[in-house]
Amino acid sequence: VLELLRGVQKGSEDRKRSLSRLRWALQNKETQQKFVRLDGSIRTLIGIFTSSLADMQMEAARCLHELSHSSDPAVAEACLPVTSYLLTYLSGHSIEFTELCLYTLGNLVVESEAVRKQLLPQGIIPVLASSIQSPHEAVLEGLGYVLSQLLQAKEAPTDIIPLVLDSVLPQHMIQLVCSGLKARTGAAVEFAWCLHYIICSHTANEALLSLGALPALTSLLLDLASEIPHNAPEGLELLICPVLRCLGNLLAEETSCEGQVRDERLLIALFLILQRFLQQHPFLVQECLWLLNNLTGESDEPFFCSALLSLDLLPALLQLLPCSQMASVLVLTVLCNVAEKGPAYCQQLHRQHALALLLPALALPDPEVVGQCLELLHLLFLHWPEAATDFIRQGGHQALAQHQSTQELQERARALLDMVRQALGASTFSCCHTALSAFS
């Protein structure tokens, strides 16, 4: 390492070769640590990085980029003196050079709070804002990477997001995300995650809503779903995932923004995505169900619950019950949202043979799934007593008896059996005496 550094410092004809060899050496963790401890090592790299020789600048930039990959905060902090130059060169003489500077910055801010604290007063947010109108996909993708790393920092809600909101970044991010189908897909993915991190901070949703984020993202999801039957481009799921999260989290907030979305096509889009990606990318099932839960969860607004039934999407929803533990919980939660709307909705659930699918779920060993099952049964029995009759006819009381060893479930199961007794009458219910005795 020392030999390579001396070769770089000598300024001989072999300097570029020494830099190239150094770049490859710096891919090693130990070499990175040894290099930054050498006197004058970073200063030498910065000197070449800021020189007027383009090819030497590029090699120095590649060396700095290799250093930025280090997971050792000491290496990142050794690179503190270069941050102001990296910002300056974001308007560099070549796309590749600018891209290198962006990814080096992004890597450094991940590992070091000291780097982040230095970059903010140096004006990283205004610099990124001025770069977001670049016509180059590679530059935009790198910019999105830097911003996403900043927005995941622990101090982001207090120190970074307010600066972002005061800039032009949010408006342009929404536009770039929504152009993701036509072009710039990589950048669209990065900026979609940026929006997600901002929304998760719970400090900026009103600002994003005022910029039209909800209708824009809804329209994008409809467009994404419309592409699915027509040979959807590879990697489309990478954009769909953060868009679903953004919409789901915006709707989860108590900001009455649900009133801004009244389009049953959104449900069709969700089920098209589920159908298309269920086998290849099952992680999207949970994302779709989380959004569906938030669409149907508004207590005094039955629009999406009604649409779910009128579009005959309930069978497709019920088929998702066995997908995974989390999918089961979310499907049952959506069904509870529907059942909470009253007798007409519970009658529809009953007609769609929901009970037949709930019985296997009651047999599962997962307390969370069973608990959600019991909640749904409670709502069904409360609003549509005929469901209680069917439940007993199908042997449901025996399924409830399996959970007598779990105190919380036992009490809820007993309460359900009491509801059934009241619905059927004591004489009709005598056939269930054995099951009842299990809970005494």
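- The name recorded for the protein chain in an unreviewed UniProt entry is TMCO6 protein, from Podargus strigoides.

## Quick word on the overall build of the protein chain
Item 1. Each helix and strand in the protein chain was counted, giving 29 helices and zero strands.
Item 2. Relative to a compact globule of 440 residues, whose C-alpha radius of gyration would be 22 Å, the protein chain shows 29 Å and is clearly more extended.
Item 3. Oriented by its inertia axes, the alpha-carbon framework of the protein chain measures out at about 100 × 40 × 40 Å.
Item 4. A burial count over the protein chain gives 53% of its 440 residues as buried.
Item 5. On the protein chain, roughly 19,400 Å² of surface is accessible, and the fraction owed to carbon and sulfur atoms is 50%.
Item 6. Seen as two clouds, the 27 positive and the 44 negative side-chain charges of the protein chain have centres 9 Å apart.

## Some thoughts on the pattern of salt bridges
Item 1. For the structure on display, the rule yields ten salt bridges.
Item 2. The closest approach of N and O atoms between K16 and D55, which form a salt bridge, is 3.8 Å. Taken together, the positions of K16 in helix 2 (residues 15-25) and D55 in helix 5 (residues 54-68) put the pair 39 residues apart, joining distant regions of the chain.
Item 3. D55 gets classed as partly exposed once you look at its relative accessible area, which sits at 39%.

## Description of the confidence of the model for the protein chain
Reading predicted coordinates in detail is not appropriate for stretches of low pLDDT.
Item 1. Taken residue by residue, the protein chain gives an average pLDDT of 86. The fraction at 70 or more is 92%.
Item 2. Predicted confidence is poor over residues 426-440, with pLDDT under 50, and the contacts of this stretch with residues over four places away or in other chains come to 21 contacts.

## Some points on the side chain of S131
Item 1. Here S131 lies in helix 10 (residues 124-131).
Item 2. S131 has contacts with L90, L140 and L143, leaving out every residue within four places of it along the chain.

## Some thoughts on the domain arrangement of the protein chain
Item 1. The domains assigned to the protein chain are domain 1 (1-122) and domain 2 (157-227 + 234-250).
Item 2. Relative placement of domain 1 and domain 2: their C-alpha centres are 32 Å apart.

## Focus on the nonpolar core
Item 1. Membership of the largest hydrophobic core comes to 161 residues, with the highest contact counts inside it found for F191 and L317.
Item 2. Split by domain, this core shows at least three residues from each of two domains, domain 1 (1-122) and domain 2 (157-227 + 234-250).
Item 3. Those residues in contact with F191 that lie beyond four places of it in its chain are I132, L140, L143, G144, L147, M173, L176 and V177.

## Focus: helix 2
Item 1. Those residues of helix 2 that fall on the buried side of the exposure criterion are S18, L19, L22 and R23. Along the long axis of helix 2, the arc covered by the buried residues comes to 140°, so they all point the same way. Facing away from the buried side of helix 2 by over 90 degrees, the exposed positions are R17 and W24.
Item 2. Elements in contact with the buried residues of helix 2: helix 1 (2-10), helix 3 (29-37), helix 4 (41-49) and helix 5.

About the thresholds
Residues numbered from 1 in each chain as written. Predicted model: local features only at pLDDT ≥ 70, side-chain atom pairs only at ≥ 80, totals over all residues. Heavy atoms only, no water. Helix = DSSP H or I, 4+ residues; strand = E, 2+ residues; numbered from the N terminus. Rg over C-alpha atoms; globule rule 2.2 N^0.38 Å. Buried < 20%, exposed > 50% of the residue type's maximum accessible area, 1.4 Å probe, protein only. Areas by Shrake-Rupley, 256 points an atom, 1.4 Å probe, with all protein chains shown as cover. Lys, Arg positive; Asp, Glu negative; His and termini not counted. Charge placed at Lys NZ, Arg CZ, Asp CG, Glu CD. Salt bridge = Lys/Arg side-chain N within 4 Å of Asp/Glu carboxyl O. pLDDT = per-residue confidence, 0-100. Contact = heavy atoms within 4.5 Å. Domains from an automatic or database assignment. Core = buried A, V, L, I, M, F, W, Y, C linked by side-chain atoms within 4.5 Å. Arc of directions from axis to C-beta.

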